[in-house]
Amino acid sequence: MKKIIKNGLVIDPANNINEIRDIFIDGGRIVSAFDEKDAEIIDAKGCIVAPGLVDMHVHLREPGFEYKETIATGTAAAAKGGFTSVACMPNTNPVTDNAAVVTFIKDKAEKEGSVNVYPIGAITKGQKGEELSEIGELKAAGAVAISDDGRPVSSAGMMRKALIYSSGFDIPVISHCEVMSLVDGGVMNEGYYSTYLGLRGIPDAAEEVMVSRDVILSEETGVPVHIAHISTKGSAEIIRQAKKRGVKVTCETCPHYFSLTDAAVVGYNTNAKMNPPLRTDEDVAAIKEAIKDGTVDAIATDHAPHHIDEKNVEFDYAANGIVGLETALSLGISCLVNEGVITMPELIEKLSVNPAKILGIPAGTLSEGAPADVVIFDANAKRTVNVSEFASKSKNSPYDGYELSGEVKYTIVGGNIAHKKA
Amino acid sequence: MNWTRKDLLGLKDVSAEEIQYILDNAATMKHILSQNVKKVPHLRGKSVITLFYENSTRTRMSFELAGKYLSADTANITASGSSVAKGENLLDTGRTLDVMGCDVIVMRHNCSGAPHLLSQHVNASVINAGDGMNEHPTQALLDMFTMVEKKGSLKGLKVAILGDVLHSRVARSNFYGLNTMGAKVYVASPATLLPKNVEELGVTVCKTVEEAIKDADVVMNLRMQLERQKSGLFPSVSEYAKYYGLNEDKLKLAKPDALIMHPGPVNRGVEITTGIADHERSVIDEQVTNGVAIRMALLYIFANRRNEE
Ligand SMILES: [Zn+2]
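Described below are features of the structure shown in this document.

The rules behind these values
Residues numbered from 1 in each chain as written. Chains lettered and ligands numbered in written order. Predicted model: local features only at pLDDT ≥ 70, side-chain atom pairs only at ≥ 80, totals over all residues. Heavy atoms only, no water. Helix = DSSP H or I, 4+ residues; strand = E, 2+ residues; numbered from the N terminus. Donors = N, O, S within 2.8 Å, 3.2 Å for Na, K, Ca; no water. Buried < 20%, exposed > 50% of the residue type's maximum accessible area, 1.4 Å probe, protein only. Expected span 1.5 Å × (residues − 1). Polar contact = N/O pair within 3.5 Å; in protein donor to acceptor, adjacent residues only side chain to side chain. Contact = heavy atoms within 4.5 Å. Phe/Tyr/Trp six-rings, centres within 6.5 Å; stacked < 30°, edge-to-face > 60°.

## Here's the deal with unusual backbone geometry
Geometrically, the link from N93(A) to P94(A) is a cis peptide bond, its omega value of 5° lying close to zero. Tracing the backbone through its elements, the reader meets P94(A) in the loop between β7 (83-88) and α2 (99-112). With an omega dihedral of 0°, the bond running from N275(A) to P276(A) counts as a cis peptide bond. Within the secondary structure layout, P276(A) lies in the loop between α9 (255-259) and α10 (281-292). In this structure, N197(B) takes a positive phi of about 60° despite not being glycine. Within the fold, N197(B) resides in the loop between β6 (184-188) and β7 (204-206).

What follows is the structure, encoded as structure tokens:
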């Protein structure tokens, strides 16, 4: 059905638009103005109308871990959070290292998903870091990128081969940077709080050594690399310098790395346990600076649902990660836009335009002819985060009870309403 | 004083008044220990369970005897041979003990924070008998009790703590307790075994053992786990003993009446020479006795807490 989104402040950074105007939708696409009769009118007065958000780093857990999340619940969470496209990581069971699993995810998403789902294939078979996956087959089946996320590609030689080989298929390579011998059993950031809590620390170098490695490999091979979830001041600086000299490196960070520090672990709060770990005030400031100056291209959630029984245990034994789809936009508004770090159009760039560009997917714009993937949100509305209201099957969020700004009113995917604020 | 604290998870947030109250109670308990007949009826009808996820015969025995001397019913659960080994999770185990009517759970666990987790889900008082690398509050209390016995007061004492500070829960509890009571703590350890930002816990970090020991009132050596050598944290036992162990020569730098302490069990020839362990100023055996007194005091305080509710 035809739809017109009226009276909203349209922010479409891809077309340099930032003004009140109407958006016309027909046949699942954005179209030029048409007559109002026979069209469903969505009043967006007081709201921002933007290209649907794109999360380039989520874990939907299906197949294999349906007790944590399914494609149905994960994409429902995405829609609630304003995301119209998500790219899901391959650490499923079986691992998404072959065309059959990619096809399974796409079929399932087609039938049960609320938003567009783009599978990411594994770099190596079984994510073991030993042999390359069939990268050509993965791409042909619909994988939009490759990554061994959840695990690093530990061997520099294997990473170099992955970059070179993947260049033959023009598929982005996403690197989860973590040197295991430096992690050495660590469960939180190494610093005052790890000492205070008696928990084993993970030094910044565990991330930064591999970020440096991958920057050098990208520079040497000329193949682009995307660094997942950077969390430290040092990683930001390494990437900033690399970009300056023309290395084709892009990176993402997550809302928790600009809104929380390792102090959140006090009390052995397992919802503050993630990988990479929450860092210090200084790192948070540096990550914000890197978001501001463009070193950080994208904001991704690393949405990592876990069952309560995997979190309600000893800190050392607790699973890494938090759910993020239903809080990301509010955290971006509250901690970045409202604090003056970046403007609203810049936030939309990092939550939609840039990740779409990095993955090469049709999203991130409200141009005529583009898929009608739109988010409508009230940036000023206050909300109190309540995990029991999450659409995600898992509730492992450190933000329960937080007062945040920004509320999603509508999420429209391919012209259909995927979420409407009740 | 009116005791309101439900659990003893560590000394981080325990006040000077509370520590003093525990030490005063322990003095009374030590008197009981010196009697011919050591059994008193203070905790008749109360139950104490020791829940140990890590082997430690000494600490478990110390608590068990403390409970028995006070006429409490005591029982032990160890990680092997129970539902724990069958994969039952901590909270299920804790709840089971709780609904059986247990008054105090004494817990030893290899994970930091495990007693904190348990305490939030049980009505029983939880006493931390050592959690991971975090705290071992009853050890620090018995150390402080021993220092007070010998030195009269903790205020202004210079205490040198030597060795593997990184992995030591004994060290952390002593840092907190001694700071609260006005002592000054100096540490020395191989740089690989010094936790990051440790000076922010209120201790002075010294580069050498000699520097830390100088004019000390108390010299405490931590136990060195020999497997740390294999993980590359120090090169050899002999080099460790040479630079970070305590011997007669180094001891000369301390005050002439300095106490020698060790949480036990001692690795003779590693962190401490036999001559030092058996030195006339070594109070290592008295620490063990005082451990029972401290644990009697704690069981008494915590098992009776619920009478007042
Ligand atoms: Zn990752």
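## So, the coordination of the zinc ion
Residues and elements named next belong to chain A. Bound to the zinc ion are the protein donor atoms D149 (OD), H176 (ND1) and H229 (NE2), situated 1.9 to 2.2 Å from the metal. Donor residues for the zinc ion, ordered by position in the chain, follow D-x26-H-x52-H. Of this pair, D149 sits in the loop between β9 (145-147) and α4 (156-167) while H176 sits in the loop between β10 (173-175) and α5 (180-183), and the two are 27 residues apart along the sequence. Note on D149: relative accessible area 2%, which makes it buried.

## What to know about helix α2 (residues 57-69) of chain B
Residues and elements named next belong to chain B. For α2, with 13 residues, the first-to-last C-alpha span of 18 Å sits near the 18 Å given by 1.5 Å per residue. Looking at α2, one finds that the buried residues are T59, R60, S62, F63, E64, A66, G67 and Y69. Where α2 terminates, the next one or two residues include S71, which has phi positive at roughly 70°.

## What to know about the side chain of H262(B)
Residues and elements named next belong to chain B. Examined against the element boundaries, H262 turns out to sit in the loop between β9 (259-261) and α11 (274-277). From its side chain, H262 meets the backbone nitrogen of G264 in a polar contact 2.7 Å long. Side-chain polar atoms of H262 contact the side chain of E271, separated by 2.7 Å. Aside from chain neighbours lying at most four places away, what touches H262 is N221, L222, R223, E271, I272, I284 and Q287.

## Side note on the packing of aromatic side chains
Applying the stated criterion to the full structure yields 11 aromatic pairs over all chains. Their ring planes at 85° and their centres at 6.2 Å tell us that Y196(A) and Y176(B) sit as a pair that is edge-to-face. Note that Y196(A) is positioned in helix α6 (residues 192-197) and Y176(B) in helix α6 (residues 169-180), a pairing that runs across two chains. For the pair F234(B) and Y240(B), a centre-to-centre distance of 5.3 Å together with 50° between the ring planes defines the contact as tilted.

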